[in-house]
Amino acid sequence: MYNTIIIGSGIAGMTAAIYLKRANISCLVIEKSSPGGQINKASNVENYPGFKSIDGPSLALNIYEQLTKLEVDMKFGEVSKIENKLGKKLIYVNDEILECQNIIVATGRKPRELNLENEKGLIGHGVSYCALCDGIFYKNKDVAVVGGGNSAFEEAYYLSNICNRVFLVHRSSNFRASALNQKKVKAKENIIIKENEQVKKINEKDTYLNSITLSSGEELKVNGLFIYIGSDPDTSFLEGLNIESENGYLIVNENMETNIEGVYACGDVIFKKVYQLTTAVGEATVAASSIIKNND
Ligand SMILES: Cc1cc2nc3c(=O)[nH]c(=O)nc-3n(C[C@H](O)[C@H](O)[C@H](O)COP(=O)(O)OP(=O)(O)OC[C@H]3O[C@@H](n4cnc5c(N)ncnc54)[C@H](O)[C@@H]3O)c2cc1C
């Protein structure tokens, strides 16, 4: 039985593991995909202290290597359910049920979809949520990016160095992206901003994306559509625990503990104001430290 099971190995989960392991608290990290989480999708990170500029996967790998060096136990699989029985936590993963005293939920967020017909069916055939992963498939082709925040602007900029033209489609003329990101994008000749427009239709030809139709009726002939319209937490596996939440985001106190004793949360899965790497790292540090202190 582990003292603590950490669900999710994004930057939050991995940070918590580093702190727990170094304090000699037995812990296991469970990950359903690959270590690093969302940051694996970032082409360039320039606001993480210690690195003037680093691509997301390299940052994720650096942290993962720290875990490997510390010999942190990892299990790959998706947690489907958690039960709280007489203070013990039961974690359902793959075909196993694991037991522990404390849980750190660090399951982050997943990209929001446009919910258009064809969207799901064309994933991998033109529709993508990760420019860094799929951008190269659209070398010298025209693509569209949807969104008005930092992720949309950063990834449009990244794609503009690979693709022929990048259409940046946003539903208003107010962008949430930072002034610096807006300046960089607006200076690129092959990025064409389509403001006050929405993608209304995704058009398919021979099982591949062929064009998109905008709300004005304009049809853009593009081979790729990269969607960056925000993200949502997936906390369905916590149903039944009665954890307090706001729009799916878990509510925690200053110790990063939820209303259920022994269930902590940190990173993008919690209800907070700033969703960044630095905040995720800070919250994970607090969550792990609370467990370490309670163990004294
Ligand atoms: C394209 C992009 C660019 C970004 N650029 C920046 C930037 O430049 N600077 C910055 O500060 N932030 C940036 N961010 C935001 C930053 O990546 C997030 O704030 C941060 O990664 C959140 O970390 P996390 O550990 O909380 O969650 P996540 O990174 O979402 O990790 C959660 C992990 O949990 C796993 N998981 C989920 N459910 C389960 C389950 N049921 N069982 C097992 N495992 C599960 C997931 O597979 C994932 O690996 C960017 C985000 C994106 C998408």
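Everything numeric in this text was worked out from a predicted model, so none of it was measured.

*Asks:* Explain the overall build of the chain to me, please; I cannot follow it from the model alone.
*Replies:* The number of helices and strands found in the chain is six helices and 19 strands. Its C-alpha radius of gyration of 21 Å places the chain within 12% of the 19 Å reference for a compact globule of 296 residues. Of all intrachain contacts in the chain linking residues separated by at least 6 positions in sequence, the fraction that spans at least 24 positions is 61%.

*Asks:* I would appreciate a short explanation of the domain arrangement of the chain in the present structure.
*Replies:* Domains assigned within the chain are domain 1 (2-110 + 231-295) and domain 2 (113-227). Placing the centre of domain 1 and that of domain 2 at their C-alpha centroids yields a distance of 31 Å. Of the residues lining the interface, five residues belong to domain 1; the matching set on domain 2 comes to seven residues. Taken together, the residues that form the side of domain 1 that touches domain 2 break down as one nonpolar, three polar and one charged.

*Asks:* For this particular structure, what's the right way to read the environment of Thr-279?
*Replies:* Checked against the element boundaries, Thr-279 lands in helix α6 (residues 277-295). We classify Thr-279 as partly exposed; it has 17 C-beta atoms within 10 Å. When the C-alpha positions of Thr-279 and Ala-12 are compared, they lie 8.8 Å apart, and in sequence the two are 267 residues distant. With sequence-adjacent residues up to four places away left out, Thr-279 is seen in contact with Lys-272 and Val-274.

*Asks:* Quick question: what am I supposed to make of the site of the ligand here?
*Replies:* Taken together, 35 residues are adjacent to the ligand, and Gly-8, Gly-10, Gly-37, Gly-108 and Gly-267 come closest. Counting only elements with at least two residues in the shell around the ligand, the list comes to α1 (11-22), β2 (27-31), α4 (150-160) and α6. Among the residues forming the shell around the ligand, the class breakdown is 13 nonpolar, 14 polar and eight charged.

*Asks:* What is the right way to look at the pairing of strand β9 (residues 142-146) in this model?
*Replies:* Sheet faces and side chains relate simply in a regular strand, where the side chains alternate between the two faces. Among the five residues that make up β9, four are buried, leaving the element largely enclosed by the rest of the structure. Here β9 pairs with strand β10 (residues 165-169) via five bridges, running parallel. The residue of β10 that forms the bridge with Val-146 is Val-169. With four bridges joining them, β9 and strand β15 (residues 224-227) adopt parallel strand pairing.

*Asks:* Can you walk me through the sheet that holds strand β13 (residues 208-214) in this structure?
*Replies:* The strands that make up a sheet pair up through hydrogen bonds in the backbone, lying either parallel or antiparallel. Strand order in the open sheet formed by three strands is β12-β13-β14, with antiparallel pairing between adjacent strands. For this open sheet the edge positions go to β12 (199-205) and β14 (219-220), each flanked by a neighbour on one side alone.

*Asks:* Before we go on, may I ask you to explain the nonpolar core in this structure?
*Replies:* One broad rule of soluble globular proteins: the nonpolar side chains tend to lie buried together. Membership of the largest hydrophobic core comes to 48 residues, with the highest contact counts inside it found for Ala-16, Ala-17, Ile-104, Ala-106, Ala-265 and Cys-266. Once residues within four sequence positions are removed from consideration, Ile-104 is found in contact with Thr-4, Ile-6, Gly-13, Ala-16, Tyr-264, Ala-265, Cys-266 and Ala-287. With 35 residues, the next largest nonpolar core counts Cys-163, Leu-168, Ala-177 and Ile-227 among its residues.

Parameters and conventions
Residues numbered from 1 in each chain as written. Predicted model: local features only at pLDDT ≥ 70, side-chain atom pairs only at ≥ 80, totals over all residues. Helix = DSSP H or I, 4+ residues; strand = E, 2+ residues; numbered from the N terminus. Rg over C-alpha atoms; globule rule 2.2 N^0.38 Å. Contact = placed C-beta atoms within 7 Å. Domains from an automatic or database assignment. Nonpolar A, V, L, I, M, F, W, Y, C, P; charged D, E, K, R; others polar. Buried ≥ 20, exposed ≤ 12 C-beta atoms within 10 Å, placed from the backbone. Near = placed C-beta within 6 Å. Pairing = 2+ DSSP bridges. Core = buried A, V, L, I, M, F, W, Y, C linked by C-beta atoms within 7 Å.

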